[in-house]
Amino acid sequence: MLDSTRPVLRPRIAPAGLMFLAITSIGWGFNWPVTKFLLAELPPLTLRGVTGVLGAVLLAALAVIRRQSLKVEPGIWPRLLTAAMLNVTGWMVLMGLALLWLPASEAALIAYTMPVWASIIAWPALGERPTVLRTLGLVMAFAGLASIMGGNGIAASAEKLPGIIMALAGALGFAVGTVFSKKYPIHLPPITAAAWQIGIGCLPISIIGLLVETTHLSLVTPVGWWLLVYSTVVQFCIAYVSWFAALSRLPASVAAIGTMAVPVIGVVASAIALGEPLGPGQIAGLVFTLAAVVLATR
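Quick caveat, the model's predicted, so the values are computed rather than measured.

Rules used throughout
Residues numbered from 1 in each chain as written. Predicted model: local features only at pLDDT ≥ 70, side-chain atom pairs only at ≥ 80, totals over all residues. Heavy atoms only, no water. Helix = DSSP H or I, 4+ residues; strand = E, 2+ residues; numbered from the N terminus. Buried < 20%, exposed > 50% of the residue type's maximum accessible area, 1.4 Å probe, protein only. Contact = heavy atoms within 4.5 Å. Areas by Shrake-Rupley, 256 points an atom, 1.4 Å probe, with all protein chains shown as cover. Patch = residues over 30% accessible without salt bridge, like charges linked within 9 Å, V, L, I, M, F, W, Y side chains within 5 Å. Salt bridge = Lys/Arg side-chain N within 4 Å of Asp/Glu carboxyl O. Phe/Tyr/Trp six-rings, centres within 6.5 Å; stacked < 30°, edge-to-face > 60°.

### What to know about the overall build of the protein chain
Point 1. Across its full length, the protein chain carries 12 helices and 0 strands.
Point 2. Each helix and strand of the protein chain, placed in order from N terminus to C terminus, yields the pattern α-α-α-α-α-α-α-α-α-α-α-α.
Point 3. Burial statistics for the protein chain: of 298 residues in total, 52% are counted as buried.
Point 4. Residue pairs at least 24 apart in sequence account for 92% of intrachain contacts in the protein chain once pairs closer than 6 positions are excluded.
Point 5. Summed over all atoms, the accessible surface of the protein chain reaches about 13600 Å², with 74% contributed by carbon and sulfur.

### A word on unusual backbone geometry
Point 1. Of note, Arg67 is a non-glycine position whose phi angle comes to about 60°, a positive value.
Point 2. Relative to the elements of secondary structure, Arg67 occurs in the loop between α2 (44-65) and α3 (77-98).

### Topic: the side chain of Thr178
Point 1. In this fold, Thr178 is placed in helix α7 (residues 161-183).
Point 2. Take Thr178: its relative accessible area is 0%, and that puts it in the buried class.
Point 3. Not counting residues within four places of it along the chain, the set of residues in contact with Thr178 comprises Asn87, Met114, Trp243, Leu247 and Ala252.

### A short note on the side chain of Gln197
Point 1. Structurally, Gln197 is set in helix α8 (residues 190-212).
Point 2. What makes Gln197 buried here is its relative accessible area of 2%.
Point 3. Sequence-distant contacts of Gln197, that is, excluding residues within four places in its chain, are made with Leu80, Ala83, Ala84, Asn87, Val88, Ile186 and Phe244.

### A closer look at a nonpolar patch on the surface
Point 1. On the surface, a cluster of nonpolar side chains totalling about 650 Å² of accessible area is made up of Met19, Ile23, Leu58, Trp226, Val229, Val233 and Ile238.
Point 2. Residue contributions to the nonpolar patch peak at 4 residues, all from helix α9 (residues 222-247).

### What to know about the packing of aromatic side chains
Here the distance between the centres and the angle between the planes together describe a pair of aromatic rings.
Point 1. A complete count under the given rule lists 8 aromatic pairs for this structure.
Point 2. Taking 5.7 Å as the distance between ring centres and 45° as the angle between the ring planes, the aromatic pair formed by Phe174 and Trp243 counts as tilted. Highlighted residues: Phe174 in helix α7 and Trp243 in helix α9, separated in sequence by 69 residues. Trp243 matches Phe174 in its accessibility class, with the two residues each being buried.
Point 3. Look at Phe236 and Tyr240: their rings are 6.0 Å apart centre to centre, the planes differ by 5°, and that puts the pair in the stacked class. Here the residue Phe236 and the residue Tyr240 both occupy positions in helix α9, the gap between them amounting to 4 residues, near one helical turn.

In structure tokens:
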């Protein structure tokens, strides 16, 4: 029986975790317009899968250089495979396909309903009861994101419906993966853990993509090649390692809510790079969302 008179200790917010979370948000935020641009030159599964496999190879090489073992104990494999499928495979496939039907800014908004699902799941699964400030931060974040998208007018039309469904499914899967990784931690060095998860998660995507899609590398522009380098090195190597490092240092709900800076960055970057809308509503939403991230980490 639980003693209701015992004080509930709040999980400690590690400054290093917040730093890694910021790196993740910047890397993933800029990747939304990058991926949208690249989808005009490369098919989605090949793009997401091959860049992921290359990123995993680079991470494995970095681990070897740093003399970190790539060995995985037999008992860790079930957790590693499950986390890879939820955090990498499902997210990469569903979000890549969602961008075929949605603008990058709209896809980013729907994708980052993820903190709602993660906070809801973390309560019964991890005992992370939301504090008043975190609940307020969550409400403010979604009010801000709704304001960001107000000028874009998300219309749940038949044309956009497949993209909306895929983005929501990807968000739910990533939320489950976030909570799963906290409940059943993978005891590996961050670089090794990222290399295995990204490699396992992206290998089937790349194989299917190469088998069923037609890729014309001659159509890739010089800008496209540079953006492929960004997607491989920053998104997979730097941002994913930072995400796993943040997740190991922060409560799952805080890490999830903190990622809501990603769509803000994605919307602003998409407006600048792709000409997607950015008006007073979006700017107000940016302020609300960033304030919400601060509240969530108090």
